Amino acid sequence: MKVAVTSKAFSKNETLINYLAHFFPEYKLNLTGKKLNDDELVDFLSDVDAVIVALESINDYVLSKLPNLKYVSKFGVGLNNIDFDACERHNVKVLYKAGVNKGSVAEMSLGFSLMLLRNLYTTSNLLSHGEWRKTGGVSLYGKTVGIIGAGHIGEEFIRLLQPFGCDILINDIVDKSSLTAEHSNVKQVPLDLLLNQSDIVSLHVPLTVETEQLVDTDFLAKMKPSAVLLNTARGELVDQLALKNSLLNAQIAGAAIDVYDQEPPTDLELLSIPNLIPTPHIGGNSLEATLAMGKAAIHNLSDL
């Protein structure tokens, strides 16, 4: 089997490259340093049997041009870039391992929470410009954390929060009775109640028709003025203009976003807001998570 890898992170990781070569001596890597568009992807995959794909779109057009492609193995966990119906029509099997980077993303959510509540980010930036401002913020201990989407990452975030004595409110389309039974401080509630009561609102849902632009002006207006928003899931979940306006008008206390509707983002006004922590989509790619995702994507194919 000849395997192609589109992921930039995978393609520059020597450990993963050597691991791939052990199982599949015939391979090719995306060394362009960029996400491939549809036509570039078709050209790149023209002579392979399988692809380890990151963010590139696997759609009907691409698959119609690749009659020899048999397998799509996901590097990572987000599946919104893969058209499963098109894959079924073209007899292409999609392989993935859920939750493989949950620890990396969940610890970023915890880090964001501490940085925003304790003013670690804002005071550090001020001091780097010579301003000594001793505003220590508020403690995470005992706060109410709202988690929208209690899947693999949401559950891991709940586990990391346990030492902080937080009240945790979850909102999910799935009944999470087993999770609330396991943790006495976790309750499943309607979305409006979560927004009204939470000091931290953290997004951990996949991108779907129902969740796209979930965070809009109305959503943000329902949050407490002292609350903060975290998005380590998908950029398209948030109306970035609505978020920018909410931050500039002090409707919420702060936000941290690791994902954007366009990457890299171009709205420098948004990125420069003092109480916004912007990071370049690194939540799921700690060294350990990158290796875990890469090895899982390889084993998806080697275990066939």
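Here the structure is shown first, and the text comes after it.
Described in the following lines is the structure provided in the data block. (Residues numbered from 1 in each chain as written. Predicted model: local features only at pLDDT ≥ 70, side-chain atom pairs only at ≥ 80, totals over all residues. Heavy atoms only, no water.)

## Overview of the sheet that holds strand E7 (residues 167–171)
As a reminder, the rule being used: Only strands that DSSP links by at least two bridges are regarded as paired with each other. Secondary structure counts use DSSP, requiring at least four H or I residues in a row for a helix and at least two E residues in a row for a strand, with both numbered from the N terminus. Each axis is a line fitted through C-alpha atoms, and for a helix only the stretch in contact is used; angles between axes span 0 to 180 degrees, taken between their N-to-C directions. The contact criterion used throughout is that any non-hydrogen atoms of two residues lie within 4.5 Å.
Pairing is parallel in the open sheet, where seven strands are placed in the order E8-E7-E6-E9-E10-E11-E12. The strands lining the two open edges of the sheet, one partner per strand, are strand E8 (186–188) and strand E12 (276–278). Sheet twist, expressed as the average angle between the axes of neighbouring strands with direction ignored, equals 15°. Pairing between E7 and E8: three bridges, direction parallel. Within the sheet, the bridge partner assigned to Leu169 lies in E8 and is Lys187. Each of strand E9 (200–203), strand E10 (228–231), strand E11 (254–257) and E12 is contacted by helix H6 (residues 102–117), which is oriented at about 155° to E10, the strand it contacts most.

## With respect to the sheet that holds strand E3 (residues 50–53)
Read from one edge to the other, the open sheet built from five strands follows the order E2-E1-E3-E4-E5, with strand pairing classed as parallel. Of all the strands in the sheet, just strand E2 (27–29) and strand E5 (93–95) have a single pairing partner and so form its edges. Across this sheet, the average inter-strand angle for adjacent strands is 20°, counted without regard to direction. Pairing geometry for strand E1 (residues 3–5) and E2, over three bridges, is parallel. By the bridge assignment, Val3 is partnered in E2 with Tyr27. Helix H2 (residues 14–23) contacts E1, E2 and E3 of the sheet and is inclined by roughly 160° relative to E2. Packed on one face of the sheet, helix H14 (residues 287–302) meets E1, E3, strand E4 (71–74) and E5 and runs near 155° to E4.

## Some thoughts on the nonpolar core
Cut-off, in case you're wondering: Think of a nonpolar core as a cluster: buried Ala, Val, Leu, Ile, Met, Phe, Trp, Tyr and Cys residues, connected wherever their side-chain atoms sit within 4.5 Å. Think of it in three bands: with a 1.4 Å probe and only protein chains considered, a residue is buried below 20% of the maximum accessible area for its type, exposed above 50%, and partly exposed in between.
Judged by nonpolar contacts, the single largest core of 28 residues is most densely connected at Val201, Leu203, Phe219, Leu220, Met223, Leu229 and Leu243. Elements supplying a minimum of two residues to this core: helix H10 (191–197), E9, helix H11 (217–221), helix H12 (240–248) and E11. Per-element accounting of this core gives the leading share, three residues, to H12. Those residues within four positions of Leu243 in sequence are excluded, and the remaining contacts are Leu220, Leu229, Val238, Ile252, Ala255 and Ile257. Ranked by size, the runner-up nonpolar core spans 25 residues in total, among them Leu116, Ile158, Leu230 and Ala256.

## Description of unusual backbone geometry
The residue after Glu263, namely Pro264, is reached through a cis peptide bond having omega -5°. One can find Pro264 in the loop between E11 and helix H13 (268–271). The residue Asn91 is not glycine, and still its phi comes out positive at about 60°. Here Asn91 shows up in the loop between helix H5 (84–89) and E5. Even without being glycine, Asn119 reaches a positive phi, approximately 60°.

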